[in-house]
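Residue-level structural notes
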Amino acid sequence: VQLVESGGGLVQPGGSLRLSCATSGFTFSRYGMSWYRQAPGKGRELVARISSYGGSTNYADSVKGRFTISRDNAKSTVYLQMNSLKPEDTAMYYCHVVLLDYWGQGTQVTVSP
(Lines give C-alpha, C1' and ligand atoms only; values in the text may rest on other atoms or scores of the structure.)
Protein backbone atom coordinates (compact mmCIF):
# COMPACT_ATOMS: atom_id res chain seq x y z
CA VAL A 1 0.00 0.00 0.00
CA GLN A 2 1.28 3.44 -0.94
CA LEU A 3 -0.10 6.91 -0.30
CA VAL A 4 1.98 9.70 -1.78
CA GLU A 5 1.05 13.28 -1.03
CA SER A 6 2.19 16.19 -3.15
CA GLY A 7 1.37 19.84 -3.80
CA GLY A 8 2.53 21.43 -0.57
CA GLY A 9 4.76 24.46 -0.43
CA LEU A 10 5.18 28.03 0.71
CA VAL A 11 2.31 30.41 -0.06
CA GLN A 12 1.34 33.88 1.04
CA PRO A 13 -1.76 34.50 3.15
CA GLY A 14 -4.82 34.53 0.93
CA GLY A 15 -3.21 32.21 -1.56
CA SER A 16 -4.22 28.75 -2.73
CA LEU A 17 -2.72 25.29 -2.96
CA ARG A 18 -4.02 21.99 -4.22
CA LEU A 19 -2.82 18.87 -2.46
CA SER A 20 -2.94 15.46 -4.11
CA CYS A 21 -2.66 12.01 -2.61
CA ALA A 22 -1.99 9.28 -5.12
CA THR A 23 -2.69 5.81 -3.80
CA SER A 24 -2.04 2.22 -4.78
CA GLY A 25 -2.21 -1.26 -3.32
CA PHE A 26 -5.82 -1.33 -2.21
CA THR A 27 -9.27 -0.86 -3.74
CA PHE A 28 -9.46 2.90 -3.49
CA SER A 29 -13.12 3.24 -4.46
CA ARG A 30 -14.26 1.15 -1.50
CA TYR A 31 -12.94 3.46 1.20
CA GLY A 32 -13.55 6.87 2.57
CA MET A 33 -10.52 9.13 2.58
CA SER A 34 -9.44 11.88 4.93
CA TRP A 35 -6.95 14.71 5.12
CA TYR A 36 -5.37 15.44 8.49
CA ARG A 37 -2.85 18.08 9.49
CA GLN A 38 -0.37 18.50 12.29
CA ALA A 39 1.20 21.79 13.24
CA PRO A 40 4.42 21.93 15.28
CA GLY A 41 3.73 21.18 18.93
CA LYS A 42 0.10 20.24 18.28
CA GLY A 43 -1.86 17.06 17.83
CA ARG A 44 -3.07 15.70 14.50
CA GLU A 45 -6.32 17.34 13.42
CA LEU A 46 -8.94 16.03 11.00
CA VAL A 47 -9.32 18.57 8.20
CA ALA A 48 -11.75 16.92 5.78
CA ARG A 49 -13.27 13.57 4.92
CA ILE A 50 -14.96 12.20 1.83
CA SER A 51 -17.03 9.08 1.40
CA SER A 52 -16.03 6.26 -0.91
CA TYR A 53 -17.91 7.58 -3.95
CA GLY A 54 -17.64 11.24 -3.03
CA GLY A 55 -21.28 11.77 -2.17
CA SER A 56 -20.60 12.93 1.37
CA THR A 57 -17.99 15.32 2.71
CA ASN A 58 -17.21 16.73 6.13
CA TYR A 59 -14.93 19.56 7.17
CA ALA A 60 -13.37 20.96 10.30
CA ASP A 61 -15.03 24.22 11.27
CA SER A 62 -11.72 26.00 10.82
CA VAL A 63 -11.60 25.24 7.08
CA LYS A 64 -15.27 25.24 6.07
CA GLY A 65 -15.88 27.44 3.06
CA ARG A 66 -12.16 27.59 2.22
CA PHE A 67 -11.11 23.97 1.61
CA THR A 68 -12.68 21.40 -0.69
CA ILE A 69 -11.98 17.68 -0.63
CA SER A 70 -12.59 15.64 -3.78
CA ARG A 71 -11.57 12.33 -5.27
CA ASP A 72 -11.05 10.65 -8.61
CA ASN A 73 -11.68 6.94 -8.21
CA ALA A 74 -10.41 6.24 -11.72
CA LYS A 75 -7.03 7.68 -10.69
CA SER A 76 -7.13 6.41 -7.08
CA THR A 77 -6.36 9.93 -5.98
CA VAL A 78 -7.82 12.26 -3.38
CA TYR A 79 -7.39 16.03 -3.49
CA LEU A 80 -7.60 18.95 -1.12
CA GLN A 81 -8.16 22.36 -2.68
CA MET A 82 -7.15 25.01 -0.18
CA ASN A 83 -8.16 28.61 -0.80
CA SER A 84 -7.87 31.79 1.28
CA LEU A 85 -5.01 30.25 3.20
CA LYS A 86 -4.12 31.64 6.61
CA PRO A 87 -0.91 31.41 8.65
CA GLU A 88 -2.73 29.10 11.06
CA ASP A 89 -3.13 26.60 8.21
CA THR A 90 0.63 25.99 8.36
CA ALA A 91 1.13 22.29 9.09
CA MET A 92 2.16 18.96 7.68
CA TYR A 93 -0.80 17.54 5.78
CA TYR A 94 -1.44 13.80 5.61
CA CYS A 95 -3.90 11.70 3.70
CA HIS A 96 -5.50 8.75 5.42
CA VAL A 97 -7.57 5.75 4.43
CA VAL A 98 -10.62 5.47 6.64
CA LEU A 99 -11.10 2.02 8.25
CA LEU A 100 -7.79 0.68 6.93
CA ASP A 101 -5.83 3.32 8.88
CA TYR A 102 -3.15 3.78 6.23
CA TRP A 103 -1.21 7.06 6.21
CA GLY A 104 0.90 8.92 3.72
CA GLN A 105 4.24 10.51 4.53
CA GLY A 106 2.85 14.03 4.52
CA THR A 107 3.39 17.24 2.58
CA GLN A 108 4.35 20.51 4.23
CA VAL A 109 2.18 23.58 3.81
CA THR A 110 3.59 26.88 5.02
CA VAL A 111 1.54 30.07 4.87
CA SER A 112 3.69 33.12 5.46
CA PRO A 113 4.11 36.66 4.05
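Above: the structure in question.
Residues numbered from 1 in each chain as written. Predicted model: local features only at pLDDT ≥ 70, side-chain atom pairs only at ≥ 80, totals over all residues. Heavy atoms only, no water.

1. As for the side chain of Ser34
Selection criterion: Secondary structure follows DSSP: runs of H or I at least 4 residues long count as helices, runs of E at least 2 residues long count as strands, and numbering of each begins at the N terminus. By the criterion applied in these results, polar contacts are pairs of N or O atoms within 3.5 Å in which, for protein atoms, one can donate a hydrogen and the other can accept it, and in which residues neighboring in sequence qualify only through two side-chain atoms. Should any heavy atoms of two residues lie within 4.5 Å, those residues are counted as being in contact.
Along the chain, the position of Ser34 falls in strand E4 (residues 33–38). A polar atom in the side chain of Ser34 sits 2.6 Å from the side chain of Arg49. Leave out the neighbours within four places in its chain, and Ser34 touches Leu46, Ala48, Arg49, Tyr94, Cys95, His96 and Val98.

2. Quick notes on the side chain of Ser20
Tracing the backbone through its elements, the reader meets Ser20 in strand E3 (residues 17–24). Apart from residues lying up to four places away in sequence, Ser20 is in contact with Val4, Glu5, Ser6, Trp35, Thr77, Val78 and Tyr79.

3. Digging into the state of the cysteines
The cut-off we apply is this: Pairs of cysteine sulfur atoms within 2.5 Å are identified as disulfides in what follows. Burial here depends on accessible area, computed with a 1.4 Å probe over protein chains only, as a share of the maximum for the residue type. Under 20% is buried, over 50% is exposed, and the range in between is partly exposed.
Across all of its chains, the model carries one disulfide by this definition. Across the disulfide, Cys21 is cross-linked to Cys95 (sulfur-sulfur distance 1.9 Å). Of note, the bridge from Cys21 to Cys95 carries an S-S torsion of about 40 degrees and is right-handed in sense. Here Cys21, found in strand E3, pairs with Cys95, found in strand E9 (residues 91–97); they are 74 residues apart in sequence, far enough to count as distant. Accessibility assignment for this pair places Cys21 and Cys95 in one class, buried.

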